[in-house]
Amino acid sequence: MDNKEASEAIDALSLTASSSNPSISTSQMRLEEKFKIVRSIGEECIQEDELMNLLAKKPQPVCYDGFEPSGRMHIAQGVLKALNVNKLTSAGCKVKIWIADWFAQLNNKMGGDLKKIEVVGQYLIEIWKAVGMNLEGGQVEFLWSSKEINSRAHEYWPLVMDIARRNKLPRILRCCQIMGRSEQDELTAAQIFYPCMQCADIFFLKADICQLGMDQRKVNVLAREYCDDIKRKNKPIILSHHMLPGLQEGQEKMSKSDPSSSIYMEDEEAEVNLKIKKAFCPPKVVEKNPCLEYIKYIVLPWFNEFKLERSAENGGDKTYKNFEELAADYESGNLHPADLKPALSKAINKILQPVRDHFKNDQKAKDLMKRVKSFKVTR
């Protein structure tokens, strides 16, 4: 299978494409095509040869993803996760999404109030339903950590304790990035225990692939090291996706607690327009430009194109089919932020409109959003 065929197979997964496209039927899909689709999710993959071997031998690999219900959802968590999950299921994978309510409590999110954390978790699931995550056919499973751990405590806790026993404290502290913390932060005992539990989750869920962000890489590597310790041959494959930056200069990661940093999934059209208008987007600078990253990782994968509308004297309308062409035009000055930003706002608003409609028309969703917005976000 050549690069063009692989690219076409991945393009067919756009959420605007027909779900009946035969090129994404897993019964007809070749191994190389499956590999290209699954691999396209990761900015980094440890190990590619293991991934190829897994896809060749296991008809339905289990992919683990997880999240803390800790506040309103931004588009990196909402849109990017929907795109990634749909790619994985199209390639025949089963995705287990771990609703880490106990972990949010350990990390003192929502002030450690488990009832509030549960409300946030339900709200996040409603968003994924509305934005277009493919939940049909049972290939995506939402699992609440508190319920699953309690139901199989005899399996879970001995595993956590064994991981803790085999690792020194400095090794665990190096994993604190997974909680949005640093080694220099003053951590509670609960937060120190957190990495051992997240490492255990991978084995508890019988995950073949850890499909999480680059910020979760360290604990996934810890899981592979644990396999060495216990002489386990089959290690979890790490497929780490790109982390979208915040909208302001120097923000390497979006922050839920900073409204100017990110676009929330239920933001109104005017809010999106204003945030994009104020976003850091220096002319002719491609690297670390959040607006260009939104186009590369959200708009182009979603629509398979980026439509630019501008006056004839400024170059006229143009449709970009790939990021390389867009980046070249931007770097040369042929594409200006004043033209790029309105087009980006329009594309983002088109993606988010079904979510707005859902939270406006569905009473359960409306009530959940109202409650979540009333909660104070705690770091």
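For the structure, see preceding data.
The written sequence of each chain sets the order in which its residues are numbered from 1. Totals for whole chains, interfaces and linings use every residue, but because this is a predicted model, local features are given only for residues with pLDDT of at least 70 and side-chain atom pairs only at 80 or more, for both listing and counting. Note that water and hydrogens are dropped before the side-chain values are worked out from all heavy atoms of the structure.

## Observations concerning the overall build of the protein chain
When you go through the protein chain residue by residue, the secondary structure sums to 16 helices and eight strands. Counting across all 379 residues of the protein chain, residues that qualify as buried make up 53%. Considering only intrachain contacts with a sequence separation of at least 6, the fraction spanning at least 24 residues in the protein chain is 73%. In the structure as shown, the protein chain presents an accessible area of about 17400 Å², 49% of it carried by carbon and sulfur atoms. Put simply, DSSP marks the helices as runs of H or I at least four residues long and the strands as runs of E at least two long, and each gets a number from the N terminus on. Each residue's exposure class comes from its accessible area (1.4 Å probe, protein chains only) as a fraction of the maximum for that residue type: buried when under 20%, exposed when over 50%, partly exposed otherwise. Residues are treated as being in contact if the distance between any of their heavy atoms lies within 4.5 Å. Only the protein chains shown count as cover for residues, with accessible areas throughout obtained via the Shrake-Rupley method and a probe of 1.4 Å.

## Details of helix H8 (residues 153–165)
In this analysis, the expected span of each helix is defined as 1.5 Å times one less than the number of residues it contains. Here H8 contains 13 residues, and its C-alpha end-to-end distance of 18 Å stays within 8% of the 18 Å for a straight helix at 1.5 Å per residue. By the burial criterion, the buried members of H8 are Tyr 156, Leu 159, Val 160, Asp 162 and Ile 163. Buried residues along H8 cover an arc of 165° about the axis, so they all sit on one side. Away from the buried face of H8 by more than 90 degrees, exposed residues His 154, Met 161 and Arg 165 are located. If you follow the buried residues of H8, they end up packed against helix H5 (101–106), helix H7 (145–151), helix H10 (189–204) and helix H11 (217–229). What the arc covers is the set of directions going from the helix axis to the C-beta atoms.

## Examining the packing of helix H13 (residues 290–303) against helix H14 (residues 323–332)
Between H13 and H14, whose axes approach to 11 Å, the crossing angle comes to 160°. If you check the angle between H13 and H14, you find them roughly antiparallel. Classified by chirality, the crossing of H14 by H13 is right-handed. In this structure, H13 contributes Leu 292, Ile 295, Lys 296 and Leu 300 to the contact, and H14 contributes Phe 323, Leu 326 and Tyr 330. Residues are sorted three ways: Asp, Glu, Lys and Arg are charged, Ala, Val, Leu, Ile, Met, Phe, Trp, Tyr, Cys and Pro are nonpolar, and all the rest, Gly among them, are polar. Of the residues assigned to the contact of H13 with H14, the class counts are six nonpolar, no polar and one charged. In this analysis an axis means a line fitted to C-alpha atoms, helices contributing only their contacting stretch, and an angle means the value between N-to-C directions, from 0 to 180 degrees. Roughly parallel means an angle under 35 degrees; roughly antiparallel, over 145; roughly perpendicular, 65 to 115; everything else is oblique. By definition, turning the near helix anticlockwise from the far helix through less than a right angle yields a left-handed crossing, and turning it clockwise yields a right-handed one.

## A word on the packing of aromatic side chains
Ring pairs are drawn from Phe, Tyr and Trp, using the six-membered ring of Trp, whenever the two centres fall within 6.5 Å, and their geometry is named by plane angle: stacked under 30 degrees, edge-to-face over 60, tilted for the rest. Using the criterion set out here, one finds nine aromatic pairs in the structure. Look at Phe 67 and Trp 128: their rings are 4.9 Å apart centre to centre, the planes differ by 75°, and that puts the pair in the edge-to-face class. Pair noted here: Phe 67 is in strand E2 (residues 62–67) and Trp 128 is in helix H6 (residues 114–131), with a separation of 61 residues, a long-range link. In this pair, the class of Phe 67 matches that of Trp 128, namely buried.

## Some words on helix H3 (residues 48–57)
All buried positions along H3 are accounted for by Leu 51, Leu 54 and Leu 55. The arc that holds the buried residues of H3, viewed along the axis, is 95°, so those residues lie on one side. Along H3, exposed side chains directed more than 90 degrees from the buried face belong to Asp 49, Ala 56 and Lys 57. Taken together, the buried residues of H3 touch helix H2 (31–39), strand E1 (44–46), strand E5 (209–213) and strand E6 (237–241).

## Thoughts on the pairing of strand E3 (residues 94–99)
The buried fraction of E3 amounts to six of the six residues, a majority that puts the element mostly inside the structure. Because side chains alternate across E3, one face comprises the buried residues Lys 94, Lys 96 and Trp 98, and the other comprises Val 95, Ile 97 and Ile 99, equally buried. The definition of a right-handed crossover adopted here requires that, viewed with the strands pointing away, the path from the first strand over the helix to the second runs clockwise. Read as a crossover between parallel neighbours, the route from E2 over helix H4 (residues 75–90) to E3 is right-handed. Strands are treated as partners if at least two bridges between them are detected by DSSP. Alignment of E3 against strand E4 (residues 140–144), held across five bridges, turns out to be parallel. Its bridge partner being in E4, Ile 99 is matched across the sheet by Trp 144.

## A word on the pattern of salt bridges
When a carboxyl oxygen of Asp or Glu is within 4 Å of a side-chain nitrogen of Lys or Arg, the pair counts as a salt bridge. Taken as a whole and judged by the stated rule, the model has 22 salt bridges. Notably, a salt bridge pairs Glu 309 with Lys 346, separated by 3.0 Å at the nearest N-O pair. Of the two residues, Glu 309 sits in the loop between strand E7 (306–308) and strand E8 (318–320) while Lys 346 sits in helix H15 (residues 337–361), which places them 37 residues apart along the sequence. Given a relative accessible area of 52%, Lys 346 falls into the exposed group.

## A word on unusual backbone geometry
Note: most peptide bonds trans; most residues except glycine with negative phi. Of note, the amide linkage connecting Ile 46 to Gln 47 takes the cis form, showing an omega dihedral of 0°. Note that Gln 47 resides in the loop between E1 and H3. If you check the backbone angles, Lys 206 has positive phi at about 55° while not being a glycine. For Lys 206, the location among the structural elements is in the loop between H10 and E5. Phi angles above zero are rare outside glycine, and Lys 284 is one such case at about 65°. With respect to the helices, strands and loops of the structure, Lys 284 is situated in the loop between helix H12 (269–278) and H13.

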